[in-house]
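Residue-level structure breakdown
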Amino acid sequence: MAKSEVREKATLTPPEKKPPRFGMEADGTSSPAGLIIKIAVLAMVLGIAVWAALPLLADQRWVGLAIVVLVTALLFYIYLSPRRVPAKYLIPGTLFLIVFQIVPVLYTMSTAFTNFGDAHRGSKQDAIAAIEGTSVQQVPGTPEYVLSLATKGDPTTGDIVFLLTDPATKQSFAGTSEGLEELAADDIQVGPDGKVVEAPGYTVLNIGQASARAEDISQFSVPTDRGAIKNQGLSRAFEGTPLRAYDASCDCIKDAESGQTWTADDSNGLFVDSKGEALAQGWKVNVGFRNFTDVLSDQTLRASFLKMLVWNFGFAIGTVVITFALGLLVALVLNKEELKGRRIYRSLIILPYAMPVVAMYLVWRDMFNTDFGLLNRLLGTHINWFGTTASAMFAILLVQLWLGYNYMFLVCTGALQSISADLTEAAQVDGAKPSYAFRTITFPLLLVALAPLLIASFAFNFNNFNAIYLVSQGAPFPPDNPQAGNTDILITYTYRLAFGGAGAQYGLAAAISVFIFLIVAVISILSFRRTHALEEIN
Amino acid sequence: MSELIPPSETMEPTPLRPPGEQVDDTPHDVVRLGSSQGGWFRRVGWRHLVGLLALAFSIFPILFVVSAALNPLGTLSSSQLIPTGASFENFTKLFDTSFPRWFLNTMILGIASAAVSLFISACAAYAFSRFRFKGRRFGLLSILLVQMFPQFLAIVALYLMFATITDLWPPIGFNTVWGLLLLYMGGALGVNTWLMKGFFDTIPKDLDESAKVDGATHAQIFFGIILPLVAPILAVTGLLGFIGAVNEFLIASIFLTQDSAKTAAVGLYGLVSQERNNNFGVFAAGTLILAIPTVALFQFLQRYIVGGLTGGAVKG
């Protein structure tokens, strides 16, 4: 940040004996311009810190405030001190790395030891509140309100608020999780159907926004003296009492009507009845290594995990091998001075590398479309490319070949041109055939030069989410486990577990993330070791 | 023989090479398949044949995109490989969507992300290359290791984190390019830092030493001597950073849900995720426009790219 200080011309100060303790020279700044830039940048840092601190102060988030103060102090110390020179260059990147990578990664790893997921989001109290709230039945003789759904702040993330109007008295209320609060009729606007259309401080949701928040809305209720207010659809709400209530004496949920009880199971975070049936709402608990052991011991999970692991390796290694083979072949063929138009070939062959990848994956997906796709029309066939495992894998690898071989072509050309021709010439003088010289001299040298690249390409493709998600989406799916497609790799599977339609299982997804991390890290470290690419860091 | 190649033909950039690669500095022709005697076809003709085949493979999906973009019907089912018409209707339709806004967002994100991460990465590479300090080896190794945990696996954590940030500081929260930019900067210290450190290492330390004797500070050495010398590598790394940010899809699709905040990749995906057949022409037109800046930069920087890539950057 404050490193842009000394940019000025060659007006270098004459050699100095010793920098003074204070003043201009003290921190290594040697010119007035540099000092001014430095002061300006540090002032900006201070400005940003104040801007960041104000909302924290208003919200009374003391931990966050302490972090902001500490980081600012650290920055000032590092850039004003004459020592700590390496830190001056490392701190900006390190800060970003810690905040946006290391902290989220550690958090993810910690969720791998919980059952965090759709039915297990919050605390036990949250679960009890949700169970009581959803069991509400209308209290006889209470009004049925006209409802308008709203949020506090952003429509996608803000807290849900019910804006209610009593059709008999025309009074309007704002219902939050704290309770009902009457709205002054002058502040709000009510539509012809009695719905509140505008209220200060609240964002009224349209149908699209409301359906996006359907899940939050279904869990929401406004507590009242006699029970709670629940919505019925998107424009009606009623006041009711919960049928089910928590009883602390038996640590269980009791149903007032049927008398059934569900006892808390604190190791699984669920309320379970005598038959072992659990209520849908649970809470987050630590499950230790269960997510990890499940992956290895659960029959279906293990089967799909192993199947995907094999294809994941096949996909990553296959991609590297075929792109490298074709790239090398084309590089060898075109690497000849007599060949006219080499530049044109090169410029056009590498065009795919410069195209937007996401869009081109989608174009390929649509070229493979059964009904409208170009390939079926050109070939005169009606193949459902993503219908069988083999054809789907073929399609994916073909797309990978198209996207990747031009890159390999570029690096192979570069490497070929840097391998000394003396070696191959010497071999030929000794009577070796060109193919023999290639096999024994050029190719091994090429492999040595490109090994780090091939490893990096493998590591990248091992987690190449877009290549699967945008092309086949994991299809075809086996009937017995519709969560794990036959062309899914671990990372797309993880994504489906965490965000897919069948309910989020963040804990399990995080456990698989940790597996992926370990696999890639171990393979990369081993192979970098073998190729001695890490030696230079000593 | 090799002396006959004009410098622009040799694809090798200025002799900045990653360390450990043993090369001599003059480019050479290497492999001779087949004999230099014989007919034209045996000597170079077959090479043209292979070249043309490779070319056809590379070009045909792009040709299809061009053809679909110009196709007046604008549907997937009516798009042929060879353009059947030349209508700009798809482009007009495209500009009726929020595409201009998406494109602008993409360019802001791409340029800012490339520039800032280049700066951060170059600074760190300078420190790793020129200073010896406690924790240097640990730092270099952890940079490599942290990158092995793909950032988007932590998406749940990032989502929760940015939900709080959106509450406290809306200008860097969800649905802003700046929030996404900050997030991408978490990956600024990564493979590129290694790549650049390698190139910094090839610059003789004597240069620094003599400048130091003349009274230059570390900052003057960095900005005045080292950076200008590695300018070609900076250009290539910047280009790769730009491509990476333009193509990032997953995190962007979760963070940018408001139409006006989307990047082109997210927006275009939205166009074909629902109306796959009907919007294909518009989608193809968008793809072409999105490709223009990258393709132009690519052709412009072509001379440097091979050297930059062989250093260890990866894509696709």
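The structure presented is a predicted model; accordingly, all values stated were derived computationally and were not measured.

Our focus in this paragraph is the overall build of chain A. Helix and strand counts for chain A come out as 18 helices and 15 strands. Considered along the principal axes of its C-alpha atoms, chain A spans approximately 105 × 80 × 50 Å. Residue burial in chain A is summarised as follows: out of 538 residues, 41% are buried.

What follows concerns the overall build of chain B. Looking only at helices and strands, one finds 13 helices and zero strands in chain B. Taken from N to C terminus, the helices and strands of chain B fall in the order α-α-α-α-α-α-α-α-α-α-α-α-α. Taking all 316 residues of chain B together, the buried fraction comes to 47%. Looking at chain B alone, contacts between residues at least 24 apart form 73% of all its contacts between residues at least 6 apart.

Among the nonpolar cores identified, the biggest contains 174 residues, and V358(A), Y361(A), C412(A), V471(A), A124(B), Y126(B) and A265(B) are the most heavily contacted of them. Not counting chain neighbours up to four residues away, the residues in contact with A265(B) comprise P356(A), V358(A), A359(A), V246(B), N247(B), F249(B) and A252(B). Counting 24 residues, the second largest nonpolar core, distinct from the first, contains L149(A), F162(A), V204(A) and L205(A).

On to the confidence of the model for chain A, then. All names here are of chain A. Chain-level statistics for chain A give a pLDDT mean of 82 and a share of 92% at 70 or above. Scored below 50 in pLDDT, residues 1–17 makes 39 contacts in the model with residues more than four places away or belonging to other chains. Within the model, the stretch residues 19–24 combines pLDDT values under 50 with eight contacts to residues more than four positions away or in other chains.

Glancing now at unusual backbone geometry. Residues and elements named next belong to chain A. Residues A475 and P476 are joined by a peptide bond in cis, for which omega reads -5°. Mapped onto the elements, P476 comes out in the loop between α16 (465–469) and α17 (490–499). At Q60, a position not held by glycine, the phi torsion is positive, near 55°. Within the element layout of this structure, Q60 appears in the loop between α1 (32–59) and α2 (62–80). Owing to 8 C-beta atoms within 10 Å, Q60 belongs among the exposed residues under this scheme.

Residue and element names in this part refer to chain A. The element strand β2 (residues 144–152) is extensively covered by neighbouring structure, given that seven of its nine residues are classed as buried. Relative to strand β11 (residues 236–242), β2 is paired through three bridges, and the arrangement is antiparallel. Across the sheet, E144 pairs through a bridge with F238, a residue of β11. Across seven bridges, the pairing between β2 and strand β3 (residues 159–165) is antiparallel. Note that in β3 the partner of L149 across the bridge is F162. Linking β2 back to β3 in an antiparallel pair, the connection comprises six residues, with G153 at a positive phi of about 85°. In terms of strand pairing, β2 meets strand β8 (residues 203–204) through two bridges, oriented antiparallel. Bridge pairing in β8 links A150 to V204.

All names here are of chain A. Most of β11 is tucked away, with five of its seven residues classed as buried. In terms of strand pairing, strand β1 (residues 136–138) meets β11 through three bridges, oriented antiparallel. Opposite Q137, over in β11, you have T241 as the bridge partner. Relative to β11, strand β10 (residues 228–232) runs antiparallel, the two being bridged by five bridges. Residue I229 lies in a different strand from β11, and its bridge partner there is E239. Hairpin connection, β10 to β11: the antiparallel pair is bridged by three residues, and G233 has positive phi, about 75°.

Basis of the calculations
- Residues numbered from 1 in each chain as written.
- Chains lettered and ligands numbered in written order.
- Predicted model: local features only at pLDDT ≥ 70, side-chain atom pairs only at ≥ 80, totals over all residues.
- Helix = DSSP H or I, 4+ residues; strand = E, 2+ residues; numbered from the N terminus.
- Buried ≥ 20, exposed ≤ 12 C-beta atoms within 10 Å, placed from the backbone.
- Contact = placed C-beta atoms within 7 Å.
- Core = buried A, V, L, I, M, F, W, Y, C linked by C-beta atoms within 7 Å.
- pLDDT = per-residue confidence, 0-100.
- Pairing = 2+ DSSP bridges.

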